[in-house]
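Residues per chain are reported as follows:
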Amino acid sequence: MTHYQGELRAPTSGRFGIVASCWNPKITDVLLEGARVALTIHGVHPSHVDVVRVPGAWEIPQACETMARSGRYAALMALGCVVRGDTRHFEHVADECAHGLMQVSLRHNLPIANGVLAVEHHTDAEARAGGSHGNKGEEVALVAIEMVDLAARLAAAEFSP
């Protein structure tokens, strides 16, 4: 049986894109910094990273679609924070953002690491943005690197119908 798994090995070429929401900046700025640091630590030169800021999580999939269409990126990362409120708005934004990201990923065969937090309270987000649960921005960057490596391994294996 052949086993395929990506490693934390940054590609020597290729770009990474980060789409980060401006909404809830105390959270999203920390997620973004965590992703930037993790990429650098694992061998991705900062000049190979593009950051796009959008108003909120709702706009993240559209920006990812535009970036994916360019063909310039080895992987994309989505960072944002949606906090439950008193209305159903939370479900619409969080669910449709995730759904949109998956559609873009599958349509373009491009890894998109989803780091859009969907939390009950601001304290839950703080715990995941450098708090007691680590930094999900950092984790998303590691997923992106690993998935780029896995994609290269699968391409080399020449999976075809």
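In what follows, the accompanying structure is described. As the structure is a prediction and not an experimental result, all values here were calculated from the model.

A look at the overall build of the protein
A count of helices and strands for the protein gives five helices and six strands. Mapped from its N terminus to its C terminus, the protein presents α and β elements in the order β-α-β-α-β-α-β-α-β-β-α. What you see for the protein is a C-alpha radius of gyration of 16 Å, in line with the 15 Å of a compact globule of 161 residues. Oriented by its inertia axes, the alpha-carbon framework of the protein measures out at about 50 × 35 × 35 Å. Taken across its 161 residues, the protein has 42% of its residues classed as buried. Summarising the internal contacts of the protein: among those between residues at least 6 apart in sequence, 80% fall at separations of at least 24. Accessible surface, the protein: about 9,000 Å² in total, of which carbon and sulfur atoms supply 54%. If the 13 positive side-chain charges of the protein are averaged to one point and the 18 negative ones to another, these points end up 4 Å apart.

Looking at helix H1 (residues 25–41)
Helix length check: H1 (17 residues) gives 24 Å between terminal C-alpha atoms against 24 Å at 1.5 Å per residue, within 8%. Along H1, the positions that sit buried rather than exposed are Ile 27, Thr 28, Leu 31, Leu 32, Gly 34, Ala 35, Ala 38 and Leu 39. Projected down its long axis, H1 carries its buried residues within an arc of 160°, all on one side. In H1, the exposed residues that point more than 90 degrees away from the buried face are Lys 26 and Ile 41.

Looking at the nonpolar core
Counting residues in hydrophobic clusters, the biggest one holds 26 residues, and the most contacted among them are Phe 16, Ile 18, Ile 27, Leu 39, Val 44, Met 77 and Leu 79. Listed by contribution, the elements that provide at least two residues to this core are strand S1 (15–21), H1, strand S3 (73–83), strand S4 (112–119) and helix H5 (136–156). For this core, the element with the highest residue contribution is H1, accounting for six residues. Here Val 44 is in contact with Ala 10, Phe 16, Leu 39, Val 49 and Ile 145, once residues within four sequence places are set aside.

Let's talk about the environment of Ser 105
Structurally, the position occupied by Ser 105 is in helix H3 (residues 89–108). Looking at Ser 105, the relative accessible area reads 15%, which means it is buried. Every residue in contact with Ser 105, bar those within four places of it in the chain, is listed here: Leu 110, Pro 111 and Ile 112.

Focus: the packing of helix H2 (residues 60–70) against H3
At their nearest, the axes of H2 and H3 sit 8 Å apart, and the two run at 10° to each other. What the angle tells us is that H2 and H3 run roughly parallel. Residue-level contacts link Ile 60, Pro 61, Cys 64, Glu 65, Ala 68 and Arg 69 of H2 to Glu 96, Cys 97, Gly 100, Leu 101, Val 104, Arg 107 and His 108 of H3. For the contact of H2 with H3, the class distribution of residues is seven nonpolar, two polar and four charged.

Analysis parameters
- Residues numbered from 1 in each chain as written.
- Predicted model: local features only at pLDDT ≥ 70, side-chain atom pairs only at ≥ 80, totals over all residues.
- Heavy atoms only, no water.
- Helix = DSSP H or I, 4+ residues; strand = E, 2+ residues; numbered from the N terminus.
- Rg over C-alpha atoms; globule rule 2.2 N^0.38 Å.
- Buried < 20%, exposed > 50% of the residue type's maximum accessible area, 1.4 Å probe, protein only.
- Contact = heavy atoms within 4.5 Å.
- Areas by Shrake-Rupley, 256 points an atom, 1.4 Å probe, with all protein chains shown as cover.
- Lys, Arg positive; Asp, Glu negative; His and termini not counted.
- Charge placed at Lys NZ, Arg CZ, Asp CG, Glu CD.
- Expected span 1.5 Å × (residues − 1).
- Arc of directions from axis to C-beta.
- Core = buried A, V, L, I, M, F, W, Y, C linked by side-chain atoms within 4.5 Å.
- Axes fitted to C-alpha atoms, helices over the stretch in contact; angles between N-to-C directions.
- Parallel < 35°, antiparallel > 145°, perpendicular 65-115°, else oblique.
- Nonpolar A, V, L, I, M, F, W, Y, C, P; charged D, E, K, R; others polar.

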